[in-house]
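Below are the chains, spelled out letter by letter.
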Amino acid sequence: MSEADTRPCYWGVVPAAGLGERMGAAVPKQYLELAGQTVISHTVQRMLDWEFLQGLLVALHRDDKWWPQQAVASDRRVETVVGGDQRCYSVLAALKALGGRAAPQDWVLVHDAVRPCIRREDVESLRTGLEQDAVGGLLALPVAETVKRADTDGRVEATLDRQGLWLAQTPQMFRYGQLLDCLQVALDNDEQVTDEAAAIELAGLQPRLIAGAGSNIKITMPADLATAEAWLARGE
Ligand code: C5P
């Protein structure tokens, strides 16, 4: 077998099945307009520009009626799957849909539909940083602010030491077989996993943190759209 035959493939998974209730909008936040397109169109178009991806699985809400209107929906590398009630179940559904195609050693990059400003250079840092890694990892940002923990009354209970604290972003990049197994075990055990790294950590493994960019924001609140628009206008 030649080296090319044994080289792992790369797959993209886009959890996009959320309703984005914190946004308070009539449409889910991934379908809000951002610089003339929807948020999800920016995200998926950027991922389609990553020519190393073999295919892209987008997890949609079962009642989604907006996706077919997106130009990226007709790209031959894009497929959809029905997501779940939490982000982790949406990711699991997409991973299962890759069964029979993805090899256990293949890499999967999971990227939120609502992070439209992801830069090519940061994805390249992720790939380069993890190429020889046994576990995988994620883009993240060191915490710059002073961090407080609140009590139930909204008063400061403690000031945390920010040394060594990072904010997790996406893409998160793990081996297909390991991610599928860890996520399945975590969910079977009713563990709360808000990102892929958390599932890997529950298996006793330590994902690597790769420094990303502040522009890779997650659209959560209405003001985030203006921030994202400003980043896109700056060519991010
Ligand atoms: O709600 P939050 O900002 O954490 O969502 C992050 C990403 O996960 C979004 O792209 C959202 O569409 C997706 N998601 C999902 N399935 C859910 C909830 C969220 O795919 N049940």
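Structure report, in brief. (Residues numbered from 1 in each chain as written. Predicted model: local features only at pLDDT ≥ 70, side-chain atom pairs only at ≥ 80, totals over all residues. Heavy atoms only, no water.)

Focus on the overall build of the protein chain
Stated precisely, the cut-off is as follows: A run of H or I in DSSP counts as a helix once it spans at least four residues, and a run of E counts as a strand once it spans at least two, with each numbered from the N terminus. Burial status follows relative accessibility: with a 1.4 Å probe on protein chains alone, a residue under 20% of its type maximum counts as buried, one over 50% as exposed, and anything between as partly exposed. The accessible surface values rely on the Shrake-Rupley method and a 1.4 Å probe; as for residues, cover is taken only from the protein chains in view.
Within the protein chain one finds seven helices and 11 strands. Buried residues in the protein chain amount to 50% of all 236 residues. Element-wise, carbon and sulfur atoms account for 48% of the exposed surface of the protein chain, whose accessible area totals about 12100 Å².

Side note on the sheet that holds strand S7 (residues 136-142)
Heads up, the condition is: Should DSSP find at least two bridges between two strands, the strands are regarded as paired. The angle between two axes is taken between their N-to-C directions and runs from 0 to 180 degrees, where each axis is a line fitted to C-alpha atoms and a helix contributes only its stretch in contact.
Across the sheet, which stays open at both edges, the seven strands sit in the order S5-S4-S1-S6-S10-S7-S11 with mixed pairing between neighbours. Only two strands of the sheet have a single partner each, and these edge strands are strand S5 (78-82) and strand S11 (208-211). The mean angle between the axes of side-by-side strands here comes to 30°, regardless of whether they run parallel or antiparallel. Pairing analysis gives seven bridges linking strand S1 (residues 10-16) to strand S4 (residues 53-60), with the strands arranged parallel. In the strand pairing of S4, Val-13 is matched with Leu-57.

Thoughts on the pairing of strand S9 (residues 156-160)
When strand S8 (residues 147-150) meets S9, the two strands line up antiparallel, connected through four bridges. Its bridge partner lying in S9, Val-147 is registered against Leu-160. Linking two consecutive strands that pair antiparallel, namely S8 and S9, is a turn of five residues; a positive phi of about 80° is found at Gly-154 within it.

Focus on the pattern of salt bridges
Working definition: two side chains of opposite charge can pair if their charged atoms are close together. The condition is simple: For this document, the term salt bridge refers to a Lys or Arg side-chain nitrogen within 4 Å of an Asp or Glu carboxyl oxygen.
Under the defined criterion, the tally for this structure stands at 13 salt bridges. Residue Arg-119 is joined to Glu-121 by a salt bridge in which the shortest nitrogen-to-oxygen separation is 3.6 Å. The buried category is assigned to Arg-119, whose relative accessible area is 19%. Through salt bridges with shared partners, a single network forms among Glu-51, Arg-120, Glu-124 and Arg-127.

Details of unusual backbone geometry
Cis peptide bonds are those with omega within 30 degrees of zero, and the linkage from Thr-170 to Pro-171 qualifies with 5°. Residue position: Pro-171 is located in strand S10 (residues 166-175). The backbone phi angle of Ala-35 is positive, close to 45°, even though this residue is not glycine. Structurally, Ala-35 is set in the loop between strand S2 (33-34) and strand S3 (37-38). Accessibility expressed as a relative area gives 41% for Ala-35, which makes it partly exposed.

Digging into the site of the ligand
What counts here: Nearness is defined per residue: one heavy atom within 4 Å of the molecule or strand is enough. Identification of polar contacts relies on pairs of N or O atoms within 3.5 Å, with a donor-acceptor requirement for protein atoms, meaning one able to donate a hydrogen and the other able to accept it, and with residues adjacent in sequence counted only if both atoms are side-chain atoms. The residue classification treats Ala, Val, Leu, Ile, Met, Phe, Trp, Tyr, Cys and Pro as nonpolar and Asp, Glu, Lys and Arg as charged. All others, Gly included, are polar.
As a matter of local geometry, the ligand sits amid 16 residues, with Pro-15, Ala-17, Lys-29, Gly-84 and Ser-90 nearest to it. Measuring from an oxygen atom of the ligand, one finds a backbone N or O atom of Ala-17 at 2.9 Å. Protein burial of the ligand: of its 450 Å² of free accessible surface, 86% is covered by the chains. Grouping the amino acids of the shell around the ligand by side-chain chemistry returns five nonpolar, five polar and six charged.

Some remarks on helix H2 (residues 39-48)
Among the 10 residues in H2, nine count as buried, and that is most of the element. Among all positions in H2, only Val-39, Ile-40, Ser-41, His-42, Thr-43, Val-44, Arg-46, Met-47 and Leu-48 are buried.

Details of helix H4 (residues 120-130)
Rule in force here: To be clear, the arc concerns the directions from the helix axis to the C-beta atoms. Note on definitions: a residue-residue contact is assigned when non-hydrogen atoms from the two residues lie within 4.5 Å.
Taken together, the buried positions of H4 are Asp-122, Val-123, Leu-126, Arg-127 and Leu-130. All buried residues of H4 lie within an arc of 140° about the axis, which places them on one face of the element. Projecting away from the buried face of H4 at angles above 90 degrees are the exposed residues Glu-121 and Thr-128. Here the buried face of H4 lies against S1, strand S6 (107-110), S7, S10 and S11.

Considering the packing of helix H3 (residues 87-97) against helix H5 (residues 176-188)
For clarity, the threshold we go by: Here the word oblique covers every angle except those under 35 degrees (roughly parallel), over 145 (roughly antiparallel) and from 65 to 115 (roughly perpendicular). Crossings are sorted by hand: turned counterclockwise from the far helix by less than a right angle, the near helix makes the crossing left-handed, and turned clockwise it makes it right-handed.
Between H3 and H5, whose axes approach to 10 Å, the crossing angle comes to 135°. Put simply, H3 runs oblique to H5. As H3 packs across H5, the resulting crossing turns out to be left-handed. For the pair H3 and H5, contact is made by Cys-88, Tyr-89, Val-91, Leu-92, Leu-95 and Lys-96 and by Tyr-176, Leu-179, Leu-180, Leu-183, Gln-184 and Leu-187, respectively.

With respect to the packing of aromatic side chains
Applicable threshold: Pairs were defined over the aromatic rings of Phe, Tyr and Trp, the Trp ring being its six-membered one, requiring ring centres within 6.5 Å. Orientation was assigned from the angle between planes: stacked under 30 degrees, edge-to-face over 60, tilted for the rest.
Tallying each qualifying case throughout the model produces three aromatic pairs. Centre to centre, the rings of Trp-50 and Phe-52 are 6.2 Å apart; their planes meet at 5°, and the pair counts as stacked. For the pair Trp-50 and Phe-52, one class covers both residues: buried. Three or more aromatic residues link up through ring pairs in this structure, and these residues are Tyr-10, Trp-50 and Phe-52.

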